[in-house]
Amino acid sequence: MSELTLTVMRLGFLAVLWLFVIVAVQVIRSDLFGTRVTQRGAARRGGEPRTQRQSAPPQQQRRQEGGRGGNRQRRGAPTKLVVSEGTLAGTTVALQGQTISLGRAHDSTIVLDDDYASSRHARIYPDRDGQWIVEDLGSTNGTYLDRTRLTTATPIPLGAPIRIGKTVIELRK
Amino acid sequence: MSSITTTTTIGTFAAPSRRNTELALLVFAVLIPVFAYVNVGLAKDGSVPAGALGYTVGLGLLAGVTHVIVRKWAPYADPLMLPVAMLLNGMGLVFIWRLDQEPSLGKAMAPNQLLWSTLGVALFIGLLIFLKDHRVLQRYTYISMIVALVLLIAPVFFPGVNGAKIWITIPGLGSLQPGEFAKIVIAIFFAGYLMVKRDALALASRRFLGLYLPRGRDLGPILVIWAMSLMILVFETDLGTSLLFFGLFVVMLYVATERTSWIVFGLLLSAGGAVAVAGFESHVQVRVHNWLNPLELVNGGVTETAQAMYSFGSGGLLGSGLGQGYSRLIQGIAPKSDYILATVGEEVGLAGLMGILLLYGLLIERGIRTALAARDPFGKLLAVGLTGAFALQVFVVAGGVTGLIPLTGMTMPFLAQGGSSVIANWALVGILLRISDTARRPAPTPAPSTDADMTQVVRP
C-alpha cells in the first residue's frame, strides 16, 4: 500500500476518533445547559417598576420534574408551584396537570427534608375543572392553608401559603 | 402578588428520550472500528482483510440489537453510554486482532474476544429486560456481601498465573477472573449498606483539627474492609483488586457522608497498609522496583515498564499508524491484555490515546451524571459505586502502563483481551443504563378520574 494512503488513513482515523468525542461532548452540552431560566413578569410588563422581589434567591435546584411550563392552561389558573420558605426555597415546579406529592419519601415530587413532615405528607392535584386542590394525607403534624389546619381536600386560592413543617409553598401564575 | 414580581423559574427541560442521538452515535461507533480494521489490513497485507464485511455486519448487528432493546426497555436511558462502550469494545477487538497478526505474540485471541463480547452484550440485554428497577438490587444487600466475599476469596485456592492469584480455573472450560464480577456485586453491597448507615457515619462525630473524627465503633466497617483488602494483597498478591476494593469503599463512604475525614483516613490506611505489605511480599517489591528502575536489565532485556514507555515514545504525537507499530518487539507477559494500551499509544500516538482516554472519561462523566440525576439514595450510591469502580480500574491500568504508579494486574475495561472483564463491564454499563433510565424518566401522569371521585382508590 502506498505511503500516502496510509498517512491519510492514519490522520483520518485520528480525525474520526476525535470527531466522535466532539459529537459526544455536544450531546452532553444539552444536559449541562438543560436548565431553562425564564424571567417572568418583567418581559410582559416591561414598563412597570419591580416593586417586589422574590423572597428567597432561586437556588440551582436541578429538579427532574420540571417541564416546559403549562402554556395551555386557562387564563387565571396557576402555572407553577413555588417553595417560598424552608430548605427548598426558590424551587419551582411547573403545574401541568400532574399530581404533586409532598413528603419525606424519596419518590415524592417535592422531597421535604424536614423533621416535621411525614413521609407522605400531602398532595396537590387538579380536579376535573382544573382547580388545584391540596389534600393532607394523614400526616402527623398537619398541613396548614393560611392558618387553618386542613381536614378535607381544599381548593387552593392563588398565592395562599400552604405550610408543611418549616416549608411554605404557594401557587403562582 | 406574583403577577408583579420578577420570578426566575429554573426548571429542566423535560429530558427528551434521545434515542435517535444514540442511534446516530452507534452508527458512528461501528464505523470507526471498521475503518481501523481496514486500515490495519491495508498496512499489514496491502489488502482489505477478508473478514471485513463479516466483522462490519457482526458489530453492526450487535449495536442494532442493543439499540432496539434500549429503545424498548430503557427508553429514557443515557444516550452516550452505549455508543461509547460499543466504540471502546470495537476498538479493543481491532487492537487484539492487530496483535494477532504478530505470530510472536502467541495464538489468536480476537475470535474468542468477539465471542466474549457477544456474551457480554447478551448479559447487558438480559439485565435491561429482566431488571425492571434497580431498587430490586437493594433487597440483596447482604447476599451481595457474601457473594462478593466468595468471589474475592475463591482464587486463593487456584494456582496463580504470573505471580497473581486472581483466576478461577475450571478444567476444560477455561479460567474466570472473579474480581471483575466482584466489583459490581460489592458496589451493590456498599450502596445498600451505606444507605442505611450513612447518617450514623456522618453525624456521630467529634470535631478535631478541622476534621470530623468518627466514633470508634463507626470506624469498624472501614477497618474490616481495609483488613480484607490487605488480606487480598497478601494471599492473592493482587495489587489491583486490593486497591479497587478499598478505593471503592472510600469513594462511596465519602459520597454517602460528605465527610472529608474519610478520605484522609482512607489514604492514610492504604498508604500504611501498602508500605507494610511491601515490606515482606516479594511480588509487590518486584513491581515497585520495576516501577522505580524501569531501565534496569532483567534477563538481558529491559523491563516491561520500559518496553511500554519505548512504544509510547516510538508512537510520538500522531502515532506510527494502525498496524505499523513494533508491538511484536514487546517481550512482556501480556501485550494483549494488561499492556494493550502500549500498542494503542504507539499506533495512534498521543492524540489517539488521549481520544481513547477521553472516551473513558465521557463514560465516567455520564455515570456520575446519572448519580446526580437519580432520585433515590440507593440509585445514587450504586451509580457512584459502579462508576467509581470503573474509573479506578481505568486509572490503575492506565497509570500502571504509563509508569505513573506501579503496575498492577488489571485489564483495561472493554479494550483489553479478557472474557471476564468484557462481560462484567457490559453488565456494569447495563445497570448504569437502568439507573439512568429511571433517573431521566419524566414523572408519570396520574390517571385523572379516580382522584376526583368521592370514593378513592387507595394505592399502596
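Structure's up top.
Bear in mind that the values here come from a model prediction, so they are computed numbers and not experimental data.

A. Looking closely at the overall build of chain B. Counting its secondary structure elements, chain B contains 14 helices and 7 strands. The proportion of buried residues among the 460 residues of chain B is 55%. A separation of at least 24 residues holds for 75% of the contacts in chain B among residues at least 6 apart in sequence. Accessible area of chain B: about 18,900 Å², with a carbon and sulfur share of 70%.

B. Molecular detail of the environment of B:G323. All names here are of chain B. Relative to the elements of secondary structure, G323 occurs in the loop between α11 (304-315) and α12 (340-373). Its relative accessible area of 6% is what places G323 among the buried residues. When the C-alpha atoms of G323 and G41 are compared, they prove to be 7.5 Å apart, with 282 residues separating the residues in sequence. Filtering out sequence-adjacent residues up to four positions away, G323 remains in contact with V40, A43, K44, R98 and E347.

C. Geometry of empty space enclosed by the protein. Residues and elements named next belong to chain B. Here the structure, examined in full by the defined rule, presents 7 cavities of 30 Å³ or more. Put simply, the second largest cavity is a space of about 80 Å³. Looking at the lining of the second largest cavity, the elements that each hand over two or more residues are α6 (178-203) and α8 (239-257). Residue contributions to the lining of the second largest cavity peak at 3 residues, all from α6. A per-class count over the lining of the second largest cavity returns 3 nonpolar, 5 polar and 3 charged.

D. Fine view of the packing of α12(B) against helix α13 (residues 377-401) of chain B. All names here are of chain B. Axis separation between α12 and α13 bottoms out at 9 Å; the angle between their running directions is 165 degrees. One finds that α12 runs roughly antiparallel with respect to α13. Helix-helix and strand crossings are classified by hand; for α12 and α13 the assignment is left-handed. In contact with L341, A342, L357, Y360, L363, I364, G367, I368, T370, A371 and L372 of α12, α13 contributes K380, A383, V384, T387, F390, A391, V394, A398 and V401.

E. Region of interest: the environment of B:P413. All names here are of chain B. Checked against the element boundaries, P413 lands in the loop between α13 and α14 (419-440). A C-alpha to C-alpha distance of 22 Å links P413 and G323, two positions 90 residues apart in sequence. Setting aside chain neighbours within four positions, we find P413 in contact with Y360, F390, Q393, V394, S421 and N425.

F. Examining the sheet that holds strand β5 (residues 110-111) of chain A more closely. Residues and elements named next belong to chain A. Taken together, the 5 strands give an open sheet; going across it, the order is β5-β4-β6-β7-β10, and neighbouring strands pair in mixed fashion. The sheet is open, and its two borders are formed by β5 and β10 (154-155), each paired with just one other strand. Sheet topology note: the strand β4 (residues 100-103)/β5 ladder contains 2 bridges and is parallel. Within the sheet, the bridge partner assigned to G103 lies in β5 and is V111.

Cut-off values and rules
Sequence order as written defines residue numbering, which begins from 1 separately in each chain. By the order in which they are written, chains take letters starting at A while ligands take numbers starting at 1. Residues qualify for local features only when their pLDDT is at least 70, as the model is predicted, and side-chain atom pairs are given and counted only at 80 or more; totals for whole chains, interfaces and linings, by contrast, use all residues. Excluding hydrogens and water, the side-chain figures rest on all heavy atoms present in the structure. We count a stretch as a helix when DSSP gives it H or I for four or more residues in a row; a strand needs E for two or more, and each element gets its number in order from the N terminus. Each residue's exposure class comes from its accessible area (1.4 Å probe, protein chains only) as a fraction of the maximum for that residue type: buried when under 20%, exposed when over 50%, partly exposed otherwise. Here a residue-residue contact requires only that any non-hydrogen atoms of the pair lie within 4.5 Å. Accessibility throughout is a Shrake-Rupley quantity obtained with a 1.4 Å probe, and a residue counts as covered only by protein chains that appear here. Using a grid of 1 Å spacing that covers the protein atoms alone, one calls a set of points a cavity when a 1.4 Å probe fits there but cannot get out, and a pocket when the set is open and has protein on both sides within 12 Å along at least five of seven lines; lining residues are those with an atom within 4 Å of a point. Grid points are joined across faces, edges and corners, and a volume is the space filled by probe spheres set on the points. For this classification, Asp, Glu, Lys and Arg are treated as charged, while Ala, Val, Leu, Ile, Met, Phe, Trp, Tyr, Cys and Pro are nonpolar and the rest, including Gly, are polar. Angles here are taken between N-to-C directions and fall from 0 to 180 degrees, while the axes themselves are lines fitted to C-alpha atoms, restricted in helices to the stretch in contact. The labels follow the angle: roughly parallel below 35 degrees, roughly antiparallel above 145, roughly perpendicular from 65 to 115, and oblique for the rest. Handedness of a crossing is defined here by the sense of rotation of the near helix relative to the far one, left-handed for an anticlockwise turn of less than a right angle and right-handed for a clockwise turn. Note on pairing: two strands pair once DSSP finds at least 2 bridges between them.

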